[in-house]
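Working through the structure, step by step
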Amino acid sequence: QVQLVESGGGLVQAGGSLRLSCAASGDTFSNYAMAWFRQAPGKEREFVAAIKWLGIDTRYADSTKGRFTISRVNAKNTVYLQMNSLKPEDTAVYYCAATKTRRALPTEFDYWGQGTQVTVSS
């Protein structure tokens, strides 16, 4: 089992940047692929980005348009999401997620953090 705790959310104006962090504990961090999802009120949870064990295999949702970057530092048991050129439509609760599956498809992530709120003003 692994526990995930997100931080770094907050208020930002359109065009600004934020970096989210997710700290993992309770299991060997390098055994997990990691991902970020987001959910706005009344909407389905949406995949944002994923990164596999060694940090060289990444996948992004088309909606990021190259604005977001996922990374991990295994020695710190931490995964990051750098978000640049933020838009009001990026407003959501952002969740950190983990899976031990080999393919690490978005539907396979099964461990979740509590979420951190990101609000982008116009």
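Reading the values: the criteria
- Residues numbered from 1 in each chain as written.
- Predicted model: local features only at pLDDT ≥ 70, side-chain atom pairs only at ≥ 80, totals over all residues.
- Heavy atoms only, no water.
- Helix = DSSP H or I, 4+ residues; strand = E, 2+ residues; numbered from the N terminus.
- Rg over C-alpha atoms; globule rule 2.2 N^0.38 Å.
- Buried < 20%, exposed > 50% of the residue type's maximum accessible area, 1.4 Å probe, protein only.
- Contact = heavy atoms within 4.5 Å.
- Phe/Tyr/Trp six-rings, centres within 6.5 Å; stacked < 30°, edge-to-face > 60°.
- Lys NZ or Arg CZ within 6 Å of the ring centre and 35° of its normal.

What follows concerns the overall build of the chain. Looking only at helices and strands, the chain features zero helices and eleven strands. Here the C-alpha radius of gyration of the chain, 13 Å, is about what a compact globule of 122 residues would show, namely 14 Å. Principal-axis analysis of the C-alpha atoms places the extent of the chain at approximately 40 × 25 × 25 Å. Within the chain, the fraction of its 122 residues that count as buried is 43%.

With that out of the way, let us pick up the environment of Thr119. Relative to the helices and strands, Thr119 is located in strand 11 (residues 116–121). The sequence separation of Thr119 and Gln82 amounts to 37 residues, and the corresponding C-alpha distance is 15 Å. Once you skip the residues sitting within four places of it in the chain, Thr119 turns out to touch Gly10, Leu11, Val12 and Thr91.

We now examine the packing of aromatic side chains. Here the structure, examined in full by the defined rule, presents four aromatic pairs. Measuring from centroid to centroid gives 5.9 Å for Phe37 and Phe109, while their planes differ by 65 degrees, and the two rings are edge-to-face. Of the two residues, Phe37 is situated in strand 4 (residues 33–39) and Phe109 in the loop between strand 9 (92–99) and strand 10 (111–112); the sequence distance between them amounts to 72 residues. Per residue, the accessibility class of Phe37 equals that of Phe109, and both read buried. One aromatic cluster in this structure is built from Phe37, Phe47, Phe109 and Trp112. The side chain of Arg45 reaches across the aromatic face of Tyr95, ending 4.0 Å from its centre. The ring of Trp112 has Arg45 sitting right over it, with the charged end atom 4.4 Å from the ring centre.

Another point: the side chain of Arg38. When you line up the elements, Arg38 lands in strand 4. Accessibility expressed as a relative area gives 8% for Arg38, which makes it buried. Not counting residues up to four positions away in its chain, the partners in contact with Arg38 are Glu44, Arg45, Glu46, Val48, Ser63, Phe68, Asp90, Ala92, Val93 and Tyr94.

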